[in-house]
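Here are the chains, one letter per residue:
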Amino acid sequence: MVVRVSTGRALLAATLGVGMAVTAQAASYPDIGPLPQLKIDKAKAELGKRLFFDNRLSGDAAISCAECHVPEKAYGSKEALSPGYPGNGHFRNASSLVNTAHKNIWNWDGRIGTNLNDMTREMITEDYIMNMDMRIMQERLKQDPLYVKMFKDAGYGEPSNGSVRKAIPEYLKTLTSTGSPFDKGAMSASAKRGMKLFKGKAGCIQCHNGPLLSDLKPHNTGVPENFDVFLDPMNHQAFMAFTMFQGVPDYRNLKRDPGYFNVTLEKQDMGKFITPSLRELKYSAPYMHNGVIKTLSEVVEFYNNGGGKDSNKSKKLKSLGLSANEQKDLVAFLESLSGDPLTSPKYVWDQPYPAEYPVIENWTQVRN
Amino acid sequence: MSIKKIAPTLVAVAVATVLTACQAQETKTGSAASGKSMAAKTAQSGPPPLAPLGAPPIPPDNKQTPAKIELGKILFFDPRLGGDASTGCSTCHEPDQGWAWAEDFSRGYPGTVHWRNSQTIINSAYYARNFWAGSVPSLEKQAPSAAKGGVAGNGENDIMESRLALIPEYRKRFKEVFGTEWPIIGHAWKAIAAFERTLVQRDTPLDKYLLGDKSALTEQQVQGMALFNGKAGCIQCHNGELASDQDYYNIGVPPNTRWEEDGLAQVTFRFELYAKGMTEEGYRTTKADPGFYFRGKNKWDKGKFRTPSLRYTTFTAPYMHNGVFYTMEEVVDFYNRGGFDEDGRTTAFPENKSKLIKPLGLTDEEKENLVAFLEAFSGEEMLMEKPAMPEYAPLFTRAELEAAQEEK
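Worth saying up front: this structure is predicted, and the values here are computed from it rather than measured.

Asker: Please give an account of the overall build of chain B that cites residues and values.
Answerer: The helix and strand inventory of chain B stands at 18 helices and two strands. The burial tally for chain B puts 58% of its 408 residues in the buried class. Long-range contacts, defined as pairs at least 24 residues apart, comprise 71% of the intrachain contacts of chain B with a sequence gap of at least 6. On chain B, roughly 16,900 Å² of surface is accessible, and the fraction owed to carbon and sulfur atoms is 56%.

Asker: An account of the nonpolar core is needed here, citing residue identities and associated values.
Answerer: Within the largest apolar cluster, 94 residues are counted, with the highest numbers of intra-cluster contacts made by Leu51(A), Tyr75(A), Leu75(B) and Trp99(B). With six residues, the single largest contributor to this core is helix 9 (residues 185-196) of chain B. By size, the runner-up hydrophobic cluster in this structure holds 33 residues, among which are Tyr209(B), Ala243(B), Val253(B) and Phe377(B).

Asker: Before we move on, can you summarise the pattern of salt bridges with the specific residues and values?
Answerer: Under the criterion given, the structure shown has 41 salt bridges over all chains. Lys44(A) is paired through a salt bridge with Asp41(A); the nearest N and O atoms lie 3.4 Å apart. Classification of Asp41(A) as partly exposed rests on a relative accessible area of 31%. Notably, a salt bridge pairs Asp329(A) with Arg193(A), separated by 2.9 Å at the nearest N-O pair. Remark: Arg193(A) occurs in helix 9 (residues 189-199) and Asp329(A) occurs in helix 15 (residues 324-335); sequence separation between them is 136 residues. Via salt bridges that share partners, Glu139(A), Lys142(A), Glu158(A), Arg270(B), Glu280(B) and Arg284(B) belong to a single interconnected network.

Asker: Please provide a residue-by-residue account of the interface of chain A and chain B, values included.
Answerer: With 59 residues of chain A in contact, the opposing surface of chain B contributes 61 residues. Summing both partners gives a buried area of about 5,600 Å² for chain A against chain B, and 59% of it is carried by carbon and sulfur. Taken as a group, Arg135(A), Trp363(A) and Asn368(A) account for 15% of the area that chain A buries against chain B, more than any other trio of residues on that side. Where chain A touches chain B, the interface holds five salt bridges. Among the ionic pairs, Arg270(B) bridges to Glu139(A), the shortest N-O distance being 2.6 Å. At the surface where chain A touches chain B, the tally comes to 27 residue pairs in polar contact (both at pLDDT 80 or more). Secondary-structure elements contributing two or more residues to the side of chain A that touches chain B are helix 4 (116-125), helix 5 (134-142), helix 7 (161-174), helix 10 (228-231) and helix 11 (233-246) of chain A. In terms of residues, the side of chain A that touches chain B owes the most to one element, helix 11 of chain A, which gives nine residues.

Asker: So, the environment of Phe305(B): which residues are in play, and what are the values?
Answerer: Residues and elements named next belong to chain B. Residue placement: Phe-305 occurs in strand 2 (residues 305-306). The buried category is assigned to Phe-305, whose relative accessible area is 8%. Spatially, the C-alpha atoms of Phe-305 and Glu-407 are 61 Å apart, while their sequence positions differ by 102 residues.

Asker: Please set out the packing of helix 4 (residues 66-77) of chain B against helix 9 of chain B residue by residue, giving values where relevant.
Answerer: Between two packed helices, what matters for the description is the angle formed by their axes and the separation of those axes. Residue and element names in this part refer to chain B. The geometry of helix 4 relative to helix 9 is characterised by a closest axis approach of 7 Å and an angle of 100° between their N-to-C directions. In terms of orientation, helix 4 lies roughly perpendicular with respect to helix 9. From helix 4, Lys-68, Ile-69, Leu-71, Gly-72, Lys-73, Leu-75, Phe-76 and Phe-77 reach across to helix 9, where they touch Ala-188, Lys-190, Ala-191, Ile-192, Ala-194, Phe-195 and Glu-196. For the contact of helix 4 with helix 9, the class distribution of residues is 10 nonpolar, one polar and four charged.

Asker: Explain a negative patch on the surface to me, using residue names and the numbers behind them.
Answerer: All names here are of chain B. Residues Glu-329, Glu-330, Glu-342, Asp-343, Glu-365, Glu-368 and Glu-375 make up a contiguous surface patch of negative charge. Taken together, the elements giving at least two residues each to the negative patch come down to helix 16 (328-336) and helix 17 (364-374). Within the element layout of this structure, Glu-375 appears in the loop between helix 17 and helix 18 (398-407).

Asker: Now, about empty space enclosed by the protein: what can you tell me, with residues and values included?
Answerer: Applying the stated criterion across every chain, the model contains four cavities of 30 Å³ or more. Lining the second largest cavity, in full, are Thr221(A), Gly222(A), Val223(A), Glu225(A), Arg256(A), Asp257(A), Gly271(A), Phe273(A), His289(A), Asp310(A) and Lys408(B). Of the residues belonging to the lining of the second largest cavity, the class tally is two nonpolar, four polar and five charged.

Procedures and definitions
- Every chain's residues receive numbers from 1 upward, in the order its sequence appears when written.
- Chain letters and ligand numbers both follow the written order, the letters beginning at A and the numbers at 1.
- Owing to the predicted nature of the model, reporting of local features is limited to residues with pLDDT of at least 70; listing and counting of side-chain atom pairs is limited to 80 or more, with chain, interface and lining totals taken over all residues.
- Excluded from the side-chain calculations are hydrogens and water; all other atoms, namely the structure's heavy atoms, are used.
- By definition, any uninterrupted DSSP run of H or I lasting at least four residues is a helix, any uninterrupted run of E lasting at least two residues is a strand, and each is numbered from the N terminus.
- Each residue's exposure class comes from its accessible area (1.4 Å probe, protein chains only) as a fraction of the maximum for that residue type: buried when under 20%, exposed when over 50%, partly exposed otherwise.
- We call two residues contacting when some pair of their heavy atoms lies within 4.5 Å.
- Computed with a 1.4 Å probe, the accessible areas rest on the Shrake-Rupley method; for each residue, only the protein chains presented here act as cover.
- Among buried residues, those of type Ala, Val, Leu, Ile, Met, Phe, Trp, Tyr and Cys that are joined through side-chain atoms within 4.5 Å constitute a nonpolar core.
- Take a side-chain nitrogen of Lys or Arg and a carboxyl oxygen of Asp or Glu: if they are within 4 Å of each other, that pair is a salt bridge.
- The buried area of a pairing is the accessible area, by a 1.4 Å probe, that goes missing from both parts when the two are put together, added over both.
- In the analysis that follows, any N or O atom pair within 3.5 Å is treated as a polar contact, provided that within protein one partner can donate a hydrogen and the other can accept it, and provided that, for residues neighboring in sequence, both atoms belong to side chains.
- With axes taken as lines fitted to C-alpha atoms, and helix axes fitted only over the stretch in contact, angles between N-to-C directions fall between 0 and 180 degrees.
- When an angle is under 35 degrees it counts as roughly parallel; over 145 it counts as roughly antiparallel; between 65 and 115 it counts as roughly perpendicular; any other value is oblique.
- Basically, the charged four are Asp, Glu, Lys and Arg, the nonpolar ten are Ala, Val, Leu, Ile, Met, Phe, Trp, Tyr, Cys and Pro, and anything else, Gly included, counts as polar.
- Grouping into patches uses exposed residues only, defined as over 30% relative accessible area, and leaves out salt-bridged ones; the cut-off is 9 Å for like charges and 5 Å for nonpolar side chains (Val, Leu, Ile, Met, Phe, Trp, Tyr).
- Charged residues are defined here as Lys and Arg on the positive side and Asp and Glu on the negative side; His and the ends of the chain fall outside this count.
- By convention, the point assigned to a charge is CZ for Arg, NZ for Lys, CD for Glu and CG for Asp.
- Both cavities and pockets are sets of points on a 1 Å grid over the protein atoms alone; in a cavity a 1.4 Å probe fits but cannot get out, in a pocket the set is open with protein on both sides within 12 Å along at least five of seven lines, and lining residues sit with an atom within 4 Å of a point.
- Grid points are joined across faces, edges and corners, and a volume is the space filled by probe spheres set on the points.

Fair warning: the whole summary comes from geometry, so function is off the table for now.
Written out as structure tokens, the structure reads:
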């Protein structure tokens, strides 16, 4: 999987002069390139797909994973800020799920570093996400004959919450980028020039490296706050509940997203977010953890200015002095990292779900 | 976020069962100590007679104040004390449905149905333990259990407390009542309990009669009362001020057939068995609500429920823990048959049926008199307007947010 950059090497590169750094960078960061193939169990992934699009996985049976992870948006949210579970808003952009199975750390703040099984549990049970008591979910699934069959066919036995947390990650593996000009070696001349800048003058490679174009490490780039998190009480209440749960001090008076600080509660991590992958950006606008940047040209402009304003900002970010054409080339390169949309029935469950739970006949005679 | 939502494996359930078995003793001594009427029954004096209802007990650590009661009232009606802000206390305890829900099973949280009948809030302040199986020891403990239960409010503390923090009127009222800068969710339950302690009815025809107003009951009702205290034997359990000895019996109520006919009800049924820590085999084979069994996991407690008060029952049909009877006539017929419904069905745990329940041999006229008397346990219907719900407002201004951004 992803080779992680050693911090020592990264620091060295950062302290060198810009010109020097360029050559050092090209040599020392894991190269960008195609993603490895993942082995997929078809029956399990098919089950995971049906679960992913099923409203009955949320407490009030009103929303599925796809409510926030929209296929047409590379399985991210439509708006800057994700919707929340009914009665709530949210305080972050829903991450794209394309290639999420290639990561080893999840969420914008990296608070889950184990596996997608835990990530799935978090999404299903979190009160402002799906607010589901998994014991009820399990009994709902047992009441659906097609699930009973699919769990059995997948080798899981009867439906259980434990196998839901295995089947959905299996499905997520199928959401892997395919067909990008970058992977096919079909980039335009402008995109090729952009790639050179990416690895060199623009210094993007320092953080966006390896096949995912991410080091999967936390950095503070000074992205401005999205004030809608605080001006809309629906979003703010979810934010407050979240930071309360994470144990952030004085969480009620917080006026910023603490990012990776949530995980470590260490000052030096304030405002850091895990470097996102740069694949499928064509579909996943708006950008950043809170969706404050609308277009890729604006993202490049943001970096050209040396990132945003934050006393804890990464020393890797400096004004880049890119010309208008160079900026265009960089955008062309970013666009070449997007492949085919994953919206066909191969990825999307397109059959209807039963409107009611069918009754188990002969109920008093059969075992529960 | 809470761990309760992560289903343990069935192995873990089995462990939990062993653990809760230790509570059996506690439960037993607990009920013996509180069951004064049990002692009374063995003594020669017989069960305590029906009596006028006094003031409800007020716990010393949750005194009644007008401001607290008013806050509790608003909270009781506020659906934001629940998961998706749709289902608050009053949703299942509707004032014009007897402060309960007028179907056999209570409505549930959206996407679910409950598995028990919704109990009235009226006079709930008098019980030493709440719920049909007495699973909680106070109204203060009952409220969070209702607000968080997966088929009830399905809320979580962190989100509910955050909502209160973003509603200026609540910030003001909590500060005034509890003295805290920010609303604390535990205080919400206290305020709701204080409000519930005002929902009592002490001026029924029966209270008036027992206080000396002999015209408060009709002649027929007086005859019904004699049956209640004598031939029909109701007084053995429905006694004292509350018309409840607060003890637990299996009186033969048959399982609700909805579990055989309704898929959604089947989902909840299995969930409840699972959540309440049945053994694997118990989970697989149980087909009726074991009730009081869940408290101590003693098999002789299967099918037992707390004797409910008979007060205010004119407004709280349907009756019993699973709402199988829609009228008082059906209830009286059920008792007259010795705990069988009209199809001859009885409890799924007949081995535990109370010896006190046997055919009564009441004539039609006697049954009518008894039903007439049961009406004397209810006074006027207690209706209440839903209070205005206080609104959300942003906590910070844009200028404050901009200043904070500058300081980053």
